[in-house]
Amino acid sequence: MARRKRDDVGFDVGKAIAALHLEALAAGAAQDDPRAASPQHTARAHLHGLEPSSCKRSPCRLAGFCHALAEITEHRTELERTKELLDVLEQTHEVSKWLGNSGFRYVQALNALVEHGKDRHASEEKLRLARPAHDHALLCVRPLRIMRPLTAFLQSLDNFEDDLRELLLSRHLRQPADRKGADVLLTAVWQHLDWGGLTYAEIARLVPDRNGPNGAAERVRSRVRSKNARCVMPREFHPELAADRRRPDKRRRVRSSA
């Protein structure tokens, strides 16, 4: 079976979870804490801004790992929990795209045929022809029967796709079905790790993309500076905590080692 675009996130999710979990434990996630028993629990062990936290470190390496883990695990959970919704969303996108122009053009053509047929039918009735050339049932009645429900169906699709997408948390899954290759989840994970104080080279090593080691650190640099892709929001998105944030860019220099 072909791999669905929504399952392709641009990196090995299993390896990334394992690597980030080990790093989180090494960075201070309490190993005797039940929350550290698995990557899913560790993901919630040190989240600044989402749960009560007395940690004032900024950047906080442990928080970076936990937020990245939370981003991935939230995505995986939603992917499994909303399978039926995602199927309908993808099919709605395809149907809307196919009918968006063709459907309305078809309705317009049917309507023109009906209007023309009405004129022909009226003219022939005035002439009282014994055998009218105009087939009223075929050229007027049946097109109307097709046109009316089709018009209602097209109208019912208005904003339906957008409304369905609003129900999803993952920014990766909220992309239109034909744009699922944008690697939004990868960008979000890299942004969390960058926020946690990791260097670009460290990020590229822990969560490598599919393009190999050459230029990896520079690719990380480009992505972490792009538009926010995170759905699990760290400290910088919480005004009441933002005053504690420091982000010295000197520490962000790309190192030669990958």
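Residues numbered from 1 in each chain as written. Predicted model: local features only at pLDDT ≥ 70, side-chain atom pairs only at ≥ 80, totals over all residues. Heavy atoms only, no water.

Draft legend 1. View of the overall build of the chain. For the chain, the count of helices and strands is 10 helices and zero strands. Each helix (α) and strand (β) of the chain, taken in turn from the N terminus, gives the series α-α-α-α-α-α-α-α-α-α. In the chain, which comprises 258 residues, the share counted as buried stands at 43%. A sequence separation of at least 24 residues applies to 73% of the contacts in the chain between residues at least 6 apart. Only carbon and sulfur atoms are counted for the fraction: they give 53% of the accessible area of the chain, which is about 14800 Å². (Helix = DSSP H or I, 4+ residues; strand = E, 2+ residues; numbered from the N terminus. Buried < 20%, exposed > 50% of the residue type's maximum accessible area, 1.4 Å probe, protein only. Contact = heavy atoms within 4.5 Å. Areas by Shrake-Rupley, 256 points an atom, 1.4 Å probe, with all protein chains shown as cover.)

Draft legend 2. Structural detail: unusual backbone geometry. With phi around 65 degrees, N159 is a residue other than glycine that occupies positive phi space. Inspection of the secondary structure assignment puts N159 in the loop between α5 (136-156) and α6 (160-165).

Draft legend 3. Highlighting the packing of helix α3 (residues 61-81) against helix α7 (residues 184-195). Their axes nearest at 7 Å, the elements α3 and α7 cross at an angle of 160 degrees. Looking at the two axes, α3 sits roughly antiparallel to α7. Judged by the twist between their axes, the crossing of α3 over α7 is right-handed. Note on element contacts: α7 touches α3 through L185, A188, V189, H192, L193 and W195, opposite A63, G64, F65, H67, A68, E71, I72 and H75. (Axes fitted to C-alpha atoms, helices over the stretch in contact; angles between N-to-C directions. Parallel < 35°, antiparallel > 145°, perpendicular 65-115°, else oblique. Left-handed = near helix turned anticlockwise from the far one by under 90°.)

Draft legend 4. Just the pattern of salt bridges, in detail. Evaluation of the coordinates by the stated rule reveals nine salt bridges. The salt bridge partner of D87 is K83, with a shortest N-O separation of 3.1 Å. With D87 and K83 both in helix α4 (residues 83-127) and four residues apart, this pair spans about one turn of that helix. A residue is classified by how much of its surface remains accessible, and K83, at 41% relative accessible area, is partly exposed. Its salt-bridge partner being R165, residue D162 comes within 3.6 Å of it at the nearest N-O pair. Highlighted residues: D162 and R165, both in helix α6, separated by three residues, approximately one helical turn. Residue D162 is classed as partly exposed on the basis of its relative accessible area, which comes to 43%. Residue class for R165 comes out buried when judged on its relative accessible area of 10%. Residues joined by salt bridges that share partners form a network here, namely E161, D162 and R165. (Salt bridge = Lys/Arg side-chain N within 4 Å of Asp/Glu carboxyl O.)

Draft legend 5. Broad picture of α7. A rise of 1.5 Å per residue sets the reference length of α7, with its 12 residues, at 16 Å; its end C-alpha atoms lie 16 Å apart and thus fit the reference within 8%. Most of α7 is tucked away, with 12 of its 12 residues classed as buried. All of the buried residues in α7 are V184, L185, L186, T187, A188, V189, W190, Q191, H192, L193, D194 and W195. Of the surrounding elements, those touching the buried residues of α7 are α1 (13-26), α3, α8 (200-206) and α9 (216-224). Taken from the residues just after α7, G197 is the one with a positive phi, measuring 100 degrees. (Expected span 1.5 Å × (residues − 1).)

Draft legend 6. Inspection of the nonpolar core at higher detail. Within the largest apolar cluster, 38 residues are counted, with the highest numbers of intra-cluster contacts made by F11, L20, I72, V189, L193 and V207. Among the elements that line this core, the one with the most residues is α3, at eight residues. Residues V107, L110, L144 and L150 belong to the second largest nonpolar core, which totals eight residues. (Core = buried A, V, L, I, M, F, W, Y, C linked by side-chain atoms within 4.5 Å.)

Draft legend 7. A nonpolar patch on the surface, seen in detail. Side chains of L113, L138 and L139 sit close together on the surface and give an oily, nonpolar patch of about 210 Å² of accessible area. Structurally, L138 is set in helix α5. (Patch = residues over 30% accessible without salt bridge, like charges linked within 9 Å, V, L, I, M, F, W, Y side chains within 5 Å.)

Draft legend 8. Up close: the side chain of S170. Its place among the elements puts S170 in the loop between α6 and α7. On the accessibility criterion, S170 (4% relative accessible area) is buried. Among residues more than four places away in sequence, those in contact with S170 are H75, E78 and C231.

Draft legend 9. Structural view of the environment of S222. Checked against the element boundaries, S222 lands in helix α9. Expressed as a C-alpha distance, the spacing of S222 and Y200, which sit 22 residues apart in the sequence, is 9.8 Å.

Draft legend 10. Geometry of the packing of α7 against α9. Running from N to C, α7 and α9 point in directions that differ by 90 degrees, and their axes come no closer than 9 Å. The orientation of α7 relative to α9 falls into the category roughly perpendicular. Residues L186, T187, W190, Q191 and D194 of α7 pack against R219, V220, R223 and V224 of α9.

Keep in mind these values describe shape, not function.
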